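Secondary and tertiary structure notes
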Amino acid sequence: MVAAATRWPLIGRSAQLGELREALGDPGIDGVLLVGPAGVGKTRLADEARQRAELDGRPTSRIVASRTAARTPLGAMAHLIPRDLAADSTWDPVAVFSRASTALSSPDGRRLLIVDDAHLLDETSLVLIAQLLSTGGVFLIATARSGEAMPDGLATLQRTDRCQTIALEALHRADVEMLLQLALGGPVDAVLRSTLWDLSGGVPLVLTEVVRRAKESSAIVNVDGVWVQRGSLAVTARVLDLFADSIAAAGDLGRHVLELLAIADTLGLAELESIAGLDVLDRLERADLIVVETSERRRPVRLTHPVVGEVVRAGQSVSSAKSLLLELIDLVVARGSRRQDDALRIVSWQLAAGIDANAELVLTAATLARQAHDFPTVIALTRPVSRDGAGTTDQQLHALVLLGEALGELGAVAEADEVFLLGERVASTNHSRSPRREELEIHLAVLRSNNLFHGLLRPADAIAVRRRAAAEASEEDRVMLELGEAWITMVNGNPATALTMIGPDANGLSPRNRVVRSLTEGTALVLTGRTELAFTSAGEAYFDHVSLGDLVAWSHPGVHIINQAMALSESGQLAQAEALATTIQQLVVDDKVAVSRVWAASTLGRVAVHQGRPATARRWFREASAIAGAGDFGGPRRIALAGVAISAGLLGDAPQAAAACEELHALVGEFGFLGPERRLGEAWSAMAAGHPESARELLMVGADEAASSGHFTSEAWMLHDVARLGAPSEAVERLDELARRCDGPFIAARAAHAAALTRRDGAALATVGEEFERLGAWLCAAEAAMSAADAYRAAGESRLAAATRELGHRRAAQCEGAVTPALTSVDLVVPLTSREREIALLAGDGLTSKDIAGRLYLSPRTVDNHLQRIYAKLGVTGRSELHAAIHPGS
């Protein structure tokens, strides 16, 4: 578990802090007024300036204004006034001002006077501050809340040329995300980041309070090093107090508007004007409680901040809440319920008000919620209708279909299967056949099959469900179910077989079945090395999918974009792959589709590994693993854990790589998709632990598994890693064959790299390094340059060797601390063979000959013989000198 910081860092305020420091050093400026909404960080910024001033040796004082203190003249400044004057009820203002000025003066320069909530100061205090500023002995930093009436004294100060105003706004989204990662001490799941952004609105105090309470209640937890949400997020009393005064000043009509918006989220400007009038709405907007937007022909109005709704709801009784709900229902019905989501809004309000809603209307609302991927709302709406007697048989079956899908999407796969089984029993008790019933039963079969395979990892049962449904289905649905069986075959680890099952083309298929077919084709083509066709197929399928709609029993349309990103990645178009994967990752985060988020994050991790950015890759794979672990997505989690092991191994983090492999092996169930690549994680874990021979063996086993199942791009990856880890001759022929079979420049570059390593051809290695750099594969480019330098040195071309090694170091600087044999090769005048280099590195790190022999599958005597040759080449006499020779900077 990563510990979070106790004091949150100051983020997104560097420009304002710079303005403050510049003003402090300007003799022509007497003060700065920090203005902004409640909780935006005015006090924090002022305190930061105060701390830096104290470090510079400047004296400081602080005043905290309040409504209570303002009832007494100089009440907030009592601690700065000489005690004898403060105790004298007949004090002379002139004497007080003079004595206070003397007390606050300093030989070390102008005293920095911080005044918090200056808009609450009494006029006498403001006069005194004006007097202090006029003497030149004090510099003022005052904070004031925007939307509040400024007292005359403060307004006068603000208008002078010697007072500067700095307006603070809420943080930008990127600043909030950076702040969360720094404060929590680790990466934060994208949906949690998005949720916290929505809840906080970029207001730092709201953000810190919500996170603090969420950590205390375990509503957010650290899973696999990534913070994820496990419970509901709530605001604290301190946050509620931020908005209480503004809401109290809104008046009865203003509060009524806020109460309606707190339930409805948005309402039209014309509707609210008919209820409260424009003057009231104008006051609410000026008080920063509502915002009026422009959306095509509408003028929607919403609350400025979610916390305003929390404060308003906190003061409502049950009866007043019901009255508001009924008013909203009447308002929308009177308007004609024209908006697409009006059915969802009306049903939600009816249920919240305790009114029995029509079952068909509830199902319409649940379908709308499903199309918005609001699966918690789908569950809440469909549970009542899914029970016996709540509606007709078809309505109950429809509710069970929606409910089961929503549970599965949220990771409750075991409960989802129970719901689907109930749906099968409901269907079997009523044998009426209608197009609607047939459609529902097909949806039920597809969803249960998907859940059995993807969720419960029972592929044989998943196929059996489809085949039973196909026996009674129409020709159109039978084809769809068979195409789905090909998809299961592909995801179960047999992409080549799956391509045979779907046929060579989509001729004669309906638009729906073309999309279903493409789910298999797009991915299987990537895995079998036909990336150009895969990219085209997935792109066409995406537009077909979107035109048909995001329907029940269908994958999210983003799956086609993920396939395109994978195609670009495997072909070597890495920058384009990253851009596309980033786009789809944001889309599925916004839609809050959990399993798609796992795939998107894993794809970004895969791209980052190919780019040679293992730290970035580890961050994405850990996020994917955390999301999958938070739900019950055991299949995709295997891929994420393998990715964590790969990236941790590339970084030399042997404990984390081993831990990821251990978690991976502990998972149960069948899931063959990208299955051979788990050997990559095991191999790089072994490499990080100092077992290069084991790593190569694992990679060869994985490459054989990939070849037999049709994972040709995976096979090429593993064979290339065999070459990178010192055995290019074992991989070169197979890589040449794969380069002829598969398209794209990436596998061709890998094959050329292995061939050049086999020949120790410096010029060829330099050329392939340039190709890797062009593709954006920086780690491979760096390794090729290092190997080219070794080859040049062995050929006696020392100048070329030095220049190429320097190029390798520059490329390696892009690789986020990657640790691979080629990058850590011994940088010596006398070159060693690859076997000698392995032994030298292990011996230099303190391993005994027996330990080295065990790791490299040699005899101790053979190791000793190699060491003698190494000592002779390097001119050293033993292991201690060897360590200094191979680690000259240690």
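Right, let's walk through the structure included here.

This brings us to the overall build of the protein chain. Scanning the protein chain for helices and strands turns up 44 helices and ten strands. With respect to the three principal axes, the spread of C-alpha positions in the protein chain is 100 × 90 × 40 Å. A buried classification covers 55% of the 890 residues belonging to the protein chain. Restricting to contacts in the protein chain with at least 6 residues of sequence separation, those with at least 24 account for 68%. Surface summary for the protein chain: the accessible area is close to 36900 Å², and the carbon and sulfur share equals 52%.

Our next topic: unusual backbone geometry. Positive phi outside glycine occurs at His373, with the angle close to 60°. In this structure, His373 sits in the loop between α17 (359–371) and α18 (375–386). A residue is classified by how much of its surface remains accessible, and His373, at 10% relative accessible area, is buried. The backbone of Leu674 sits at a positive phi, close to 55°, despite the residue not being glycine. Mapped onto the elements of the fold, Leu674 is located in the loop between α32 (654–666) and α33 (678–688). By relative accessible area, Leu674 is classed as buried at 6%.

Across the sheet, five strands lie side by side as β2-β3-β4-β1-β5; this open sheet has parallel pairing. Because the sheet does not close on itself, it has two edges, and the strands there are β2 (60–64) and β5 (163–167). When strand polarity is set aside, the average angle formed by the axes of neighbouring strands in this sheet is 15°. Summarising the sheet, β2 and strand β3 (residues 111–116) pair through five bridges and their orientation is parallel. Looking across to β3, one finds that Ser61 is bridged to Leu113. The strands touched by helix α1 (residues 14–24) within the sheet are β1 (31–36), β3, β4 (138–145) and β5, with β5 carrying the most contacts at an inclination of about 175°.

Within the fold, His454 resides in helix α21 (residues 435–455). Not counting the four nearest positions on each side in its chain, His454 is found in contact with Trp487, Val491, Trp599, Pro636 and Phe671.

Along helix α6 (residues 152–159), the residues that are buried comprise Gly153, Leu154, Ala155 and Leu157. Among the structural elements, β1, α5 (123–135), β4 and β5 are those in contact with the buried residues of α6.

This part takes up the pattern of salt bridges. Throughout the structure, instances matching the rule amount to 54 salt bridges. Residue Arg679 is joined to Glu682 by a salt bridge in which the shortest nitrogen-to-oxygen separation is 3.3 Å. With Arg679 and Glu682 both in helix α33, this residue pair falls three residues apart, about one helical turn. For Arg679, a relative accessible area of 24% corresponds to the partly exposed category. Three or more residues joined by partner-sharing salt bridges are found here, namely Arg173, Glu177, Arg193, Arg619 and Glu623.

What the three strands build is an open sheet, ordered β8-β10-β9; its pairing is antiparallel. Either end of the sheet is taken by a strand with one partner, and the two such strands are β8 (266–268) and β9 (290–292). Adjacent strand axes in the sheet meet at a mean angle of 30°, parallel and antiparallel pairs treated alike. As paired strands, β9 and strand β10 (residues 300–303) are joined by three bridges and run antiparallel to one another.

Going through the model one piece at a time under the given rule, you end up with zero disulfides. The closest cysteine sulfur to the non-disulfide-bonded Cys742 is located on Cys780, 16 Å from its own sulfur.

What follows concerns the nonpolar core. Formed by 59 residues in total, the largest nonpolar core has its most connected members in Leu233 and Leu258. For Leu258, the contacting residues outside a window of four places in its chain are Ile247, Ala250, Leu284, Leu289, Ile290, Leu303, Val308 and Val312. Formed by 55 residues, the second largest nonpolar core is a distinct cluster that contains Leu452, Val465, Val595 and Ile639.

Right, let's talk about helix α42 (residues 849–856) for a bit. Every buried residue of α42 is listed here: Ser849, Ile852, Ala853, Arg855 and Leu856. For α42, the arc enclosing every buried residue in end-on projection is 165°, short of the 170-degree limit, so these residues lie on one face. Remark: Tyr857 follows α42 within two positions and exhibits a positive phi of approximately 60°.

A few words on the packing of helix α41 (residues 834–844) against helix α43 (residues 860–874). Between α41 and α43, whose axes approach to 10 Å, the crossing angle comes to 90°. Viewed along their axes, α41 and α43 adopt a mutual orientation that is roughly perpendicular. Side by side, α41 and α43 meet where Arg835, Glu836, Ile839, Ala840 and Ala843 of the first sit next to Val863, His866, Leu867, Arg869, Ile870 and Lys873 of the second. Split into classes, the residues belonging to the contact of α41 with α43 amount to six nonpolar, one polar and four charged.

Right, let's get into the pairing of β3. A large share of β3 lies buried, amounting to six of its six residues. Burial of the side chains of β3 extends over both faces: Arg111, Leu113 and Val115 are buried on one face and Leu112, Ile114 and Asp116 on the other. Once you follow β3 into α5 and on to β4, the crossover reads as right-handed.

What follows covers the environment of Ala498. Looking at where Ala498 falls in the secondary structure, it is placed in helix α24 (residues 495–502). Each C-alpha atom of the pair Ala498 and Gly710 lies 9.8 Å from the other, and the pair is 212 residues apart in sequence. Excluding its chain neighbours within four sequence positions, the residues that come into contact with Ala498 are Ala486, Thr489, Met490 and Thr520.

What follows covers the packing of aromatic side chains. On inspection of all chains with the given rule, the structure shows four aromatic pairs. A centroid spacing of 6.1 Å and a plane angle of 25° characterise the contact between Phe453 and Phe671, whose relative ring orientation is stacked. One end of the pair, Phe453, is in helix α21; the other, Phe671, is in the loop between α32 and α33, and 218 residues separate them in sequence. When the centroid spacing of 5.6 Å and the interplanar angle of 85° are considered together, the rings of Trp599 and Phe673 count as edge-to-face.

Moving on, we get to the pairing of strand β7 (residues 226–229). Regular strands show a simple pattern: their side chains alternate between the two faces of the sheet. In this sheet, β7 lies alongside strand β6 (residues 220–223) in antiparallel orientation, the contact comprising four bridges. The residue bridging Asn222 from the neighbouring strand is Trp227, located in β7. Connecting β6 to the antiparallel partner β7 that follows it, the hairpin turn spans two residues, and Asp224 within it adopts a positive phi of roughly 55°.

Take His560: it is sitting in helix α27 (residues 558–571). Overall, His560 belongs to the buried group, its relative accessible area being 0%. In this structure the side chain of His560 is engaged in a polar contact, spanning 2.9 Å, whose partner is the side chain of His545.

Quick notes on the rules
All residue numbers here refer to positions counted from 1 along the written sequence of the relevant chain. This being a predicted model, a pLDDT of at least 70 is required before a residue's local features are given, and a value of 80 or more before pairs of side-chain atoms are given or counted; all residues contribute to the totals for chains, interfaces and linings. Just so you know, side-chain values use all the structure's heavy atoms and leave hydrogens and water out. Numbering of helices and strands runs from the N terminus; a helix is a DSSP stretch of H or I covering at least four residues, while a strand is a stretch of E covering at least two. Working definition: with a 1.4 Å probe on protein chains only, accessible area under 20% of the residue-type maximum means buried, over 50% means exposed, and in between means partly exposed. The contact criterion used throughout is that any non-hydrogen atoms of two residues lie within 4.5 Å. Surface exposure here means Shrake-Rupley accessible area, sampled with a 1.4 Å probe, where a residue is shielded only by the protein chains that are shown. Any two strands with at least two DSSP bridges between them are considered paired. Axes here mean lines fitted to C-alpha atoms, for a helix over just the part in contact, with angles spanning 0 to 180 degrees between N-to-C directions. What counts as a salt bridge is simple: a side-chain nitrogen of Lys or Arg found within 4 Å of a carboxyl oxygen of Asp or Glu. Count a disulfide wherever a pair of cysteine sulfur atoms falls within 2.5 Å. Take the buried residues of types Ala, Val, Leu, Ile, Met, Phe, Trp, Tyr and Cys, join any two whose side-chain atoms come within 4.5 Å, and each joined set is a nonpolar core. The reported arc concerns the directions from the helix axis to the C-beta atoms and nothing else. Just so you know how the angles are binned, under 35 degrees is roughly parallel, over 145 roughly antiparallel, 65 to 115 roughly perpendicular, and the rest oblique. In this classification, Asp, Glu, Lys and Arg are treated as charged, Ala, Val, Leu, Ile, Met, Phe, Trp, Tyr, Cys and Pro as nonpolar, and every other residue, Gly included, as polar. Place the viewer so that the strands point away; then a crossover is right-handed whenever the path from the first strand over the helix to the second strand goes clockwise. Any Phe, Tyr or Trp ring, taking Trp's six-membered ring, that has another such ring centre within 6.5 Å forms a pair; planes under 30 degrees apart are called stacked, those over 60 apart edge-to-face, and the others tilted. The definition of a polar contact used here is a pair of N or O atoms within 3.5 Å, where within protein one atom must be able to donate a hydrogen and the other to accept one, and adjacent residues in sequence count solely through side-chain atom pairs.

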